[in-house]
Amino acid sequence: MKRIVIDRPRCEGHGLCEEIAPDLMHLDGAGELILDVEDIAEGSPELTDAGAAVRVCPVAALRLA
């Protein structure tokens, strides 16, 4: 099991992660990132999307733990 972790002070709300993984996360009306899914099973398609979202973040505010 992997977990998506967000560094809230670092997140600037660019939304690139949301574009890559809209089933896992979204920006609310104030531009705050909301994780809809935090725990992801190893080998699942969602894990691939989560990894892509982590990589695309321009301020490295996301990580998989």
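Up top you'll find the structure we're talking about.
Residues numbered from 1 in each chain as written. Predicted model: local features only at pLDDT ≥ 70, side-chain atom pairs only at ≥ 80, totals over all residues. Heavy atoms only, no water.

Draft legend 1. Structural context of the overall build of the protein. Along the protein, the regular secondary structure elements total two helices and five strands. Going from the N terminus to the C terminus, the protein shows its helices and strands as β-α-β-β-β-α-β. Computed over C-alpha atoms, the radius of gyration of the protein comes to 11 Å, within 12% of the 11 Å expected from 2.2 N^0.38 for 65 residues, which places it in the range of a compact globule. Its C-alpha atoms put the protein at 30 × 20 × 15 Å along the principal axes. Looking at the protein alone, contacts between residues at least 24 apart form 58% of all its contacts between residues at least 6 apart. Total accessible area on the protein stands at roughly 3900 Å², and carbon and sulfur atoms take up 50% of it. Here the protein contributes 6 positively and 13 negatively charged side chains, and the mean placements of these two sets differ by 9 Å. (Helix = DSSP H or I, 4+ residues; strand = E, 2+ residues; numbered from the N terminus. Rg over C-alpha atoms; globule rule 2.2 N^0.38 Å. Contact = heavy atoms within 4.5 Å. Areas by Shrake-Rupley, 256 points an atom, 1.4 Å probe, with all protein chains shown as cover. Lys, Arg positive; Asp, Glu negative; His and termini not counted. Charge placed at Lys NZ, Arg CZ, Asp CG, Glu CD.)

Draft legend 2. The arrangement of the sheet that holds strand S4 (residues 39–40) in detail. With antiparallel pairing, three strands are arranged side by side in an open sheet as S4-S1-S5. The sheet terminates laterally at S4 and strand S5 (62–64), the two strands that pair on one side only. Sheet topology note: the strand S1 (residues 2–6)/S4 ladder contains two bridges and is antiparallel. Its bridge partner lying in S4, Lys2 is registered against Ile40. (Pairing = 2+ DSSP bridges.)

Draft legend 3. Examining the state of the cysteines more closely. Throughout the structure, instances matching the rule amount to zero disulfides. Cys17 takes part in no disulfide bond, and the closest cysteine sulfur, belonging to Cys57, lies 6.3 Å away. (Disulfide = S-S within 2.5 Å.)

Draft legend 4. How the structure looks around the side chain of Ser44. Inspection of the secondary structure puts Ser44 in the loop between S4 and helix H2 (45–56). For Ser44, a relative accessible area of 13% puts it in the buried group. A polar atom in the side chain of Ser44 sits 2.9 Å from the backbone oxygen of Ala41. (Buried < 20%, exposed > 50% of the residue type's maximum accessible area, 1.4 Å probe, protein only. Polar contact = N/O pair within 3.5 Å; in protein donor to acceptor, adjacent residues only side chain to side chain.)

Draft legend 5. Spotlight on the environment of Pro9. Within the fold, Pro9 resides in the loop between S1 and helix H1 (16–20). Separated by 52 residues in sequence, Pro9 and Ala61 place their C-alpha atoms 8.2 Å apart.

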